[in-house]
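Next come the chains, spelled out residue by residue.
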Amino acid sequence: MFQKILLAADGSGHSVRAAKKAAELAKLSGNSEITVVYVIDGQTSKEDILHNPDRSVVEEKRRLRLQPVTSLFNSEDLNFKLEKLLGEPGPAIVEYANNNEFDVVVVGSRGLNGLQEMVLGSVSHKVAKRVKAPVMIVK
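What this report covers is the structure whose coordinates are included nearby. Bear in mind that the values here come from a model prediction, so they are computed numbers and not experimental data. (Residues numbered from 1 in each chain as written. Predicted model: local features only at pLDDT ≥ 70, side-chain atom pairs only at ≥ 80, totals over all residues. Heavy atoms only, no water.)

1. Let's talk about the pattern of salt bridges
Evaluated as defined, the whole model comprises 6 salt bridges. Linking E76 and K27 is a salt bridge whose minimum nitrogen-to-oxygen distance equals 2.9 Å. With E76 in the loop between α3 (55–75) and β3 (79–86) and K27 in helix α1 (residues 13–29), this pair connects stretches of sequence that are 49 residues apart. Residue class for E76 comes out partly exposed when judged on its relative accessible area of 32%. Of the residues examined, K27 reaches a relative accessible area of 46% and is grouped as partly exposed. The network of salt bridges with shared partners includes E59, R62 and K84. (Salt bridge = Lys/Arg side-chain N within 4 Å of Asp/Glu carboxyl O. Helix = DSSP H or I, 4+ residues; strand = E, 2+ residues; numbered from the N terminus. Buried < 20%, exposed > 50% of the residue type's maximum accessible area, 1.4 Å probe, protein only.)

2. Here we look at the side chain of S32
Counting through the fold element by element, S32 comes out in the loop between α1 and β2 (33–40). Taking the relative accessible area as the measure of exposure, S32 reaches 4% and is therefore buried. Here the side chain of S32 touches F2 through a polar contact of 2.5 Å, landing on its backbone oxygen. Here S32 is in contact with F2, Q3, I5, A26 and N79, once residues within four sequence places are set aside. (Polar contact = N/O pair within 3.5 Å; in protein donor to acceptor, adjacent residues only side chain to side chain. Contact = heavy atoms within 4.5 Å.)

3. Side note on the packing of α1 against α3
Pairs of packed helices are described in terms of their axes, by the angle between the two and the distance that separates them. Contact geometry of α1 with α3 gives a least axis separation of 9 Å together with a crossing angle of 20 degrees. Overall, the two elements α1 and α3 adopt an arrangement that is roughly parallel. As for the relative orientation of α1 and α3, their crossing is right-handed in sense. Between α1 and α3, the residues in contact are S15, V16, A19, K20, A22 and A23 and P68, V69, L72 and F73, respectively. Across the contact of α1 with α3, the residue classes break down as 8 nonpolar, 1 polar and 1 charged. (Axes fitted to C-alpha atoms, helices over the stretch in contact; angles between N-to-C directions. Parallel < 35°, antiparallel > 145°, perpendicular 65-115°, else oblique. Left-handed = near helix turned anticlockwise from the far one by under 90°. Nonpolar A, V, L, I, M, F, W, Y, C, P; charged D, E, K, R; others polar.)

4. Points about the nonpolar core
By size, the foremost hydrophobic cluster in this structure holds 23 residues, and its most contacted members are I5, L7, I34, V69, F73 and V106. Residue contributions to this core peak at 7 residues, all from α1. Those residues in contact with I34 that lie beyond four places of it in its chain are I5, L7, A22, A23, A26, F73, L78, N79, F80 and K81. Core analysis: the next-biggest nonpolar cluster, separate from the first, contains 16 residues, V37, Y96, V107 and V131 among them. (Core = buried A, V, L, I, M, F, W, Y, C linked by side-chain atoms within 4.5 Å.)

Structure representation (structure tokens):
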């Protein structure tokens, strides 16, 4: 049913719950591939570099942030790949999803940036409105 699944993940608890739902969909569908997208916005990238001039430290922190998701998929023996995107999370996820013809997009209802959600509208809301594929928002 869902052969190409896109999971937007940022390391938050909501994205880990979304990963569990993506894993369930993949197991139901059999031979599915999950693409995990992690978006690095410009401000976060600048702050990471300012606080950690060593690029390997920055990459390790990002890897650890996504470890709960990748560990889950590895333990379930699921086929997945990780894609890092640059830009504002909502538009970056929408563009990637629409350009790659996913069967479903799975996203957590909230992410790590609570202030942005209150002021600008949530990433999940932007994704649900603009992605062409069905979108599952996980609480």
